[in-house]
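Overview (structure and organization)
This is what each chain is made of:
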Amino acid sequence: MASHGVLRGLGAGVRSEEARQKELQQIAAYNDLVELVNTKVAERQYTIEVLDLITKLLNENPEYYTIWNHRRRALRYLFAAPDPKDSSPGPSKRHAQDLVESDLRLTFLLLRKFPKCYWIWNHRNWILRIAESFVQTAEARKLWSEELQLIGKMLHADSRNFHAWSYRRFVVAQLERLQAPATSEPPSREARQSLTESEFEYTTKMIKTNLSNFSAWHNRSELIPRLLAEREAGSVARRKMLDDELALICTAINTDPFDQSIWYYHQYLMSTLSLDCPPQDRIVHDLSNHDRQKYYAHEMEYIREILEDEEDCKWVYEALLHCAGCYLEVEGGTQAFTTRDMRYWLDQLKRLDPLRKGRWDDLGRSLKL
Amino acid sequence: MDTLDNTEWDVLVIGTGLKQSLLALALSRSGKKILHIDENAYYGGAEAAFSLQEAEEWAKKVNEDSVAAFTTVSISKPDLSESETSQVSLSASRSYTLALSPQLIYTRSALLQSLISSKVYRQLDFVAVGSWWVYSAGSTGLDNGGVSSSDSSATLQGTLLKVPNGREDVFQDQGLDFKAKRALMKFLRFIGEYEEQGELWEDYKARSFPSFLSEQFKVPVSLHAPLLALTLSPAPPEQTTTEYALPRIARHLRSIGSIGAGFGSVITRFGGMSEIAQVACRACAVGGGVYVLGKGASTIERPEVAQVGTSGIKLCLEDSETVTTQWLIGDDTAHDTPEPLYCRSITIVSSTLAHLFSPIAEGAPPPACAVVIFPSGSLSLDGSRAQGSESPPVYILVHASDTGECPRGQSILYASTSLSGETGFQLLNKAVQALLSSIDVTPLPAILWSMQYGQRPGSSNALPEGADERLLGFSPSSLDLTVDDSILDQVKEVWQKIVGDNGGEFLTFEDREANLDDDE
């Protein structure tokens, strides 16, 4: 199975009759387990034994999200219940912590086998919040920073797992929340230790390891406005950031114009130049139309050069048309290309990607070609 | 056993070079009675590895007796007592294991697959091969006009440029302009599926690879060197054909990252191929094979003609012992030619040359081998500027102490070129000097010991003459710097003949011991 052109593992092979019989037995056992769990839950029997049954079921099928809900219900009940080993009545914090720890282990093991299951990530998230409520701030920080390390390892194993990236943003947010001192006044700049800079570096590292990383590019785009705000970047610094990012993506495009994730980031950068870009998303605040025109013209110039070596790359033509459209909106009179050029690019797009003919026709209409 | 005289065997293998050893391994579970002999007192044949003392003894033997594959060995031990630069001195003889024929094993290679499927990989330690470097001579005024002999004493400060291993390396390489990046990438994309794009290179098969690069991919001449380097071709660029180059480059690029991020080839510790030969022979011995070293097929120059009878082949060994065997395997020397004769050298250096071993990727094992290529014409010999693009390239495989071949703080340079004779040795020396002076390290690395020798494909463990389908010969060891898949094909062919239809899968075994660790 391929995802965006990257192959993932081998498919299932042909099974023998023996294997098929074995599987039928496994299916029957599974169905029995499901029925048993559902029965117990319906009877509101939230005991440790039932929790173990739920664990067994989830190990077989972590995608059965309803069972995760049942698990949380069971856990809540058990948190409030007294420790069976304890003589004192009332909820036992120790008991609750043990349960939390064992669920952290469970989700960790399951994530290694099923790194893309939403429900496991979700449950781990829930468990960590509960864990945090048991401890002091310093402990809580440790909890989340270990979590960050775990995410780092998972991304090292599969750098394109968007679940892991999304979770990473979440973990970083928790760490930042905890690092703000608990005073009534807003924290000073020195006191605020944000992870934005290091996270930005992290995306750079991931991209250098593999340019085809949508999630890394996406994360980068999410971080840039925050980065600029935290640095309290002025006009000059902002221009530099924009120019540096454009140079970076220019090198990437020139290295591999066939990679979609690179163009995806290019589109993001172009979007920050647009008149329609909301102020909080802009990289540079004081762009004049003349500035915009220069940027669009420069982009089109180097992208056009790629056509000298690669005539059959559809992304190039698509980008040229998009930039041309933007350019025309801010045109001050001089024109770096002609309508004939644009028609030619559109024709190439239709040739290279005939399945999207409707879309290209639409594009042509919007550009008045 | 006291004597081999009048013993009977199913298989008699002559020589413990890589191919014969792999055959022994393949037969190790077959239940056949195997006698495996080697006229040398050591394993490995032309792939042997020596301590310093063993190297010195071997050198003497080669120069006196003329061993088939090797000629003109000379050893030099520079006197460093007055030198202040080096505080490192030569260690004891046994601290070194010097490989005569060092080779890289690509991770996408039949050999590595076989080592894994036969389970002998468990007895081997592998280290990663890291960066590949292309030497570029510094441009000083010496480039223009005539070079007089007095000028040649000045050392040209050359530079080493890392060879890009794929897209991300090309992306980060600031020495490449956009056009160069695009051209390289276009070629890299092509090479990934070159078998399916025959129409692009059919016409260039027998033509030179540089012409293919220039004409089909507009790769500028300045970028030919790194791509040629990946082929490890012994010939100069114009004589390296497209059909030779393409599969080798494809193998290199496809191997990268296939068992671990950032590297595409490995070597085995403690002597490379010789270690593999020993492990293979050991496996055969465990399976009942009998090993006798220092036992040749005969003491005279041309081995006794084997007598073929109905009960098997009768062979006369050294010490007038006669053995009978059903199958006789050895090196086929019938097609030995004096050419090609390569020049090789082994140099022990008093520095780790750490600069060459930059980390290859996050989480990747630290590399212990680096490859340095001196393209055709990048080195000029004293007094002669006529080298140009006709002289062959020089390759230096640099082994760090992690290979187990030398003590900490030192490293070994294995240099090789297809230029023969005195000029070949001079070229090797130039390369070694150029390499050491291009690395910025203090104190300056000093040469502690070096040995140079000529080598050709050949063998002393030759198959006696006689035409019979049970006399099977391997082609002699090639001088390739990587282990080619065809070696496994040859071994399999011989193995197939011996075991017939009941052999099971070639070089695929279960572990012998019942309980083994599951981790790898």
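Residues numbered from 1 in each chain as written. Chains lettered and ligands numbered in written order. Predicted model: local features only at pLDDT ≥ 70, side-chain atom pairs only at ≥ 80, totals over all residues. Heavy atoms only, no water.

Each helix and strand counted, chain A has 15 helices and 2 strands in total. In the structure as shown, chain A presents an accessible area of about 20300 Å², 52% of it carried by carbon and sulfur atoms. (Helix = DSSP H or I, 4+ residues; strand = E, 2+ residues; numbered from the N terminus. Areas by Shrake-Rupley, 256 points an atom, 1.4 Å probe, with all protein chains shown as cover.)

Okay, the domain arrangement of chain B next. All names here are of chain B. In terms of domains, chain B is made up of domain 1 (7-65 + 270-337 + 459-502), domain 2 (70-163 + 244-266 + 339-455) and domain 3 (166-195 + 208-243). The partner domain 2 presents 48 residues to the 35 residues of domain 1 that form the contact. Buried surface at the junction of domain 1 and domain 2, summed over both partners, amounts to about 3700 Å²; 62% is from carbon and sulfur atoms. In terms of surface lost to domain 2, no three residues of domain 1 exceed Leu52, Leu479 and Leu481, which account for 21% of the buried area on that side. Counting the contacts that link domain 1 with domain 2 gives 4 salt bridges. Measuring nitrogen to oxygen at the nearest pair gives 2.8 Å for the salt bridge that ties Asp480 to Arg248. Where domain 1 packs against domain 2, one counts 17 residue pairs in polar contact (both at pLDDT 80 or more). Among the elements of the structure, helix 1 (18-26), strand 3 (49-50), helix 2 (52-65), helix 10 (273-286) and helix 12 (485-499) are those that each provide at least two residues to the side of domain 1 that touches domain 2. Looking at the side of domain 1 that touches domain 2 residue by residue, the class counts come to 20 nonpolar, 7 polar and 8 charged. (Domains from an automatic or database assignment. Contact = heavy atoms within 4.5 Å. Buried area = accessible area lost by both parts, 1.4 Å probe. Salt bridge = Lys/Arg side-chain N within 4 Å of Asp/Glu carboxyl O. Polar contact = N/O pair within 3.5 Å; in protein donor to acceptor, adjacent residues only side chain to side chain. Nonpolar A, V, L, I, M, F, W, Y, C, P; charged D, E, K, R; others polar.)

A few words on helix 2 of chain B. Residues and elements named next belong to chain B. In this model, helix 2 (14 residues) spans 20 Å end to end at C-alpha, consistent with the 20 Å of a helix rising 1.5 Å per residue. Residues of helix 2 that are buried: Leu52, Ala55, Trp58, Ala59 and Val62. One side of helix 2 holds all its buried residues, which, seen down the axis, span an arc of 115°. Exposed and facing more than 90 degrees away from the buried side of helix 2 are Lys60, Glu64 and Asp65. Against the buried residues of helix 2 lie strand 3, strand 4 (70-76), strand 5 (98-99), strand 14 (342-349) and strand 18 (447-455). (Expected span 1.5 Å × (residues − 1). Buried < 20%, exposed > 50% of the residue type's maximum accessible area, 1.4 Å probe, protein only. Arc of directions from axis to C-beta.)

In this section: the packing of helix 3 (residues 65-80) of chain A against helix 5 (residues 118-134) of chain A. All names here are of chain A. Relative to each other, helix 3 and helix 5 sit at 15°, their axes nearing to 10 Å. With respect to each other, helix 3 and helix 5 are oriented roughly parallel. When you trace helix 3 past helix 5, the crossing you get is right-handed. Side by side, helix 3 and helix 5 meet where Tyr65, Trp68, Arg71, Arg72, Leu75, Arg76 and Phe79 of the first sit next to Trp119, Ile120, Asn122, His123, Trp126, Ile127 and Ile130 of the second. In the contact of helix 3 with helix 5, the residues fall into 9 nonpolar, 2 polar and 3 charged. (Axes fitted to C-alpha atoms, helices over the stretch in contact; angles between N-to-C directions. Parallel < 35°, antiparallel > 145°, perpendicular 65-115°, else oblique. Left-handed = near helix turned anticlockwise from the far one by under 90°.)

Partitioning chain A into structural domains gives domain 1 (24-134), domain 2 (136-180 + 192-222) and domain 3 (233-369). For domain 1 of chain A versus domain 3 of chain A, the separation of C-alpha centres amounts to 51 Å.

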